[in-house]
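One letter stands for each residue in the lines below.
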Amino acid sequence: IQGDILELPAGPLAFSFGLERRSESGYDQPDALINAGDTPGNARSATKGSYSLDEAYLELAVPVLGGVPGARLVDLDGAARYSGFSNFGDTAHSKLSLRWKPIDDLLIRANWSEGFRAPSIADLFQGLSDSFPTLNDPCNNVLFGGLSAAGQAQCVADGVPTGGYAQVNSQIRITTGGNPNLQPESSVTKTVGFVYSPSYLEGFNVALDWWRIELEDTIAGFTGQGIADQCYREGNANACSLITRASGGRILDLLSAGINFGSTDVEGYDLTVTYAMPENTFGRFSVVWDTTYLAEYINNDDGDNLAGEYFDRNNNWRIRSNVAVNWTKGEGLVAWAPIQW
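Now for a quick tour of the structure. (Residues numbered from 1 in each chain as written. Predicted model: local features only at pLDDT ≥ 70, side-chain atom pairs only at ≥ 80, totals over all residues. Heavy atoms only, no water.)

## Regarding the overall build of the protein
Next up, step 1: Each helix and strand in the protein was counted, giving five helices and 16 strands.
Next up, step 2: Relative to its length of 341 residues, the protein is extended, with a C-alpha radius of gyration of 28 Å against a globular reference of 20 Å.
Next up, step 3: Within the protein, the proportion of its 341 residues that are buried is 32%.
Next up, step 4: For the protein, restricting intrachain contacts to residue pairs at least 6 apart in sequence, the fraction spanning at least 24 positions comes to 63%.
Next up, step 5: As displayed, the protein offers around 19700 Å² of accessible surface, 56% of which is attributable to carbon and sulfur atoms.
Next up, step 6: With 22 positive and 41 negative side-chain charges, the protein shows a spacing of 2 Å between the two charge centroids. (Helix = DSSP H or I, 4+ residues; strand = E, 2+ residues; numbered from the N terminus. Rg over C-alpha atoms; globule rule 2.2 N^0.38 Å. Buried < 20%, exposed > 50% of the residue type's maximum accessible area, 1.4 Å probe, protein only. Contact = heavy atoms within 4.5 Å. Areas by Shrake-Rupley, 256 points an atom, 1.4 Å probe, with all protein chains shown as cover. Lys, Arg positive; Asp, Glu negative; His and termini not counted. Charge placed at Lys NZ, Arg CZ, Asp CG, Glu CD.)

Dropping the structure here:
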């Protein structure tokens, strides 16, 4: 349901309201031989699960001021959503946005919003399967001496001989699967920026926005090497509980399932400059220059700012930029991005 509630001096107070009921389900049924591990390939058990949710949302568009000196436009947009999950419980999230035009050529905008992501069927109910990744056991006799005293003590407590053991096989079995106890991920996003469209240069716009996103309870899963390193190098007791060893010290199996482990904070700036040339008999040409500057990228696992780490697996470049040229004629469009870095 949507419409106008009443007429305010700056315009109509508008609303939107909705209800929704949704069910999610999924399954993957391997045959009996694969399920039992009686094939040359890896074993994999069945995936099957479902959940349902009821939701309600309300959004209000509130015109505050308009057409007065210093406030050509001021409006607020507020929204709230309630979600009731059959397996997670209840949650509510909201958003508030502001737009302000002190003059016709300048728009200032700000936004605060909460985000939410429920685990997928696979995250929750994926059946167990095995794999054999390459792993250098920190407790082997080559790496044992490089561990801290606490790490060495943990190795010995787990049945590894003092000084380590000779690791003959680097392909270690790891069992992966879903975790029905997972909780949803959540986030808070904040943005502040402006759009400048000078009346003396038609077709030109420049927009600059600051943004910050804070993620909590992100769903993460460790690799086999990650589990071993977390246990013996980082002292993570939860990771140690995922390792099973034989009497001689070698690793028999590792268990990897998603957990609400992570948190990530990212901050940066977006700059967009556009210029649309006047239309003529050849059509209309426009240039768009998009740039993002990453100021901060912090994960909870080490607390280090990874922004500017150009050559690791995260590839968190400080600056990303694209320049594109568009040509339109009639209903046709040709786009070309000659510069990207």
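## Comments concerning a nonpolar patch on the surface
Next up, step 1: Residues V64, L65, V68, L76, L96, L98, W100 and W112 make up a contiguous nonpolar surface patch of roughly 640 Å² in combined accessible area.
Next up, step 2: As for its placement among the helices and strands, V64 is situated in strand 3 (residues 47-68). (Patch = residues over 30% accessible without salt bridge, like charges linked within 9 Å, V, L, I, M, F, W, Y side chains within 5 Å. Salt bridge = Lys/Arg side-chain N within 4 Å of Asp/Glu carboxyl O.)

## Some thoughts on the state of the cysteines
Next up, step 1: Under the counting rule described, the total for this entry stands at two disulfides.
Next up, step 2: The disulfide partner of C231 is C240, and the gap between their sulfur atoms is 2.0 Å. Sign of the S-S torsion, about 100° for the bond between C231 and C240, identifies this disulfide as right-handed. In this pair, the class of C231 matches that of C240, namely buried.
Next up, step 3: Once the disulfide-bonded cysteines of the protein are ranked by sequence position, their pairing pattern turns out to be 1-2, 3-4. (Disulfide = S-S within 2.5 Å.)

## Details of the nonpolar core
Next up, step 1: Formed by 18 residues in total, the largest nonpolar core has its most connected members in C155, Y232, I243 and L254.
Next up, step 2: Looking at this core, the element that brings in the most residues is helix 4 (residues 224-232), giving four residues.
Next up, step 3: The residues touching Y232, leaving out its near neighbours within four places in the chain, are P138, C139, L147, G151, Q154, C155, D158, I243 and R245.
Next up, step 4: Counting residues in hydrophobic clusters, the runner-up holds nine residues, among them F85, F88, L124 and I219. (Core = buried A, V, L, I, M, F, W, Y, C linked by side-chain atoms within 4.5 Å.)

## Here we look at the pairing of strand 12 (residues 251-257)
Next up, step 1: Relative to strand 12, strand 8 (residues 174-177) is paired through four bridges, and the arrangement is parallel. Looking at the pairing, G177 lines up with A257 of strand 12.
Next up, step 2: Summarising the sheet, strand 11 (residues 243-245) and strand 12 pair through three bridges and their orientation is antiparallel. What sits directly across from I243, in strand 12, is L254.
Next up, step 3: Between strand 11 and strand 12, which pair antiparallel one after the other, the connecting turn spans five residues, and G249 there sits at a positive phi close to 110°. (Pairing = 2+ DSSP bridges.)

## Regarding the pairing of strand 3
If a strand is regular, its side chains alternate between the two faces of the sheet.
Next up, step 1: Looking at chain direction, strand 2 (residues 11-28) and strand 3 are connected through 15 bridges and run antiparallel. Bridge pairing in strand 3 places R21 opposite D54.
Next up, step 2: Note: strand 3 against strand 4 (residues 71-85), 14 bridges, orientation antiparallel. Bridging from a neighbouring strand, E55 pairs with S83 of strand 4.
Next up, step 3: Between strand 3 and strand 4, which pair antiparallel and follow one another directly, the connecting turn spans two residues, one of which, G70, has a positive phi of 80°.

## Focus: the environment of G221
Next up, step 1: Note on placement: G221 falls in the loop between strand 10 (204-220) and helix 4.
Next up, step 2: For G221, a relative accessible area of 52% translates into the label exposed.
Next up, step 3: Excluding anything up to four places from it in sequence, G221 contacts S256 and A257.

## A short note on the sheet that holds strand 11
Next up, step 1: In spatial order, the strands read 7-8-12-11; together these four strands make up an open sheet with mixed pairing. Looking at the sheet topology across the chains shown, the edges are occupied by strand 7 (129-131) and strand 11. Here the average twist between neighbouring strands, direction ignored, is 25°.
Next up, step 2: The sheet strands contacting helix 4 are strand 8, strand 11 and strand 12, and the helix crosses strand 11 at an angle near 85°. (Axes fitted to C-alpha atoms, helices over the stretch in contact; angles between N-to-C directions.)

## Remarks on helix 4
Next up, step 1: Burial runs high along helix 4: seven of the nine residues are buried.
Next up, step 2: Along helix 4, the residues classified as buried are G224, G226, I227, A228, Q230, C231 and Y232.
Next up, step 3: Where helix 4 is buried, its residues touch helix 3 (149-157), strand 8, helix 5 (237-240), strand 11 and strand 12.

## Overview of the pattern of salt bridges
A side chain of one charge can pair with a side chain of the opposite charge if their charged atoms are brought near each other.
Next up, step 1: Scanning the model with the defined rule gives 18 salt bridges in all.
Next up, step 2: E267 serves as the salt-bridge partner of R212, at 2.9 Å between the closest nitrogen and oxygen. Here R212 is found in strand 10, whereas its partner E267 is found in strand 13 (residues 259-276), with 55 residues between them in sequence.
Next up, step 3: In this structure E267 comes out as buried when scored by relative accessible area, which is 18%.
Next up, step 4: Three or more residues joined by partner-sharing salt bridges are found here, namely E20, R22, E24, E55 and R81.

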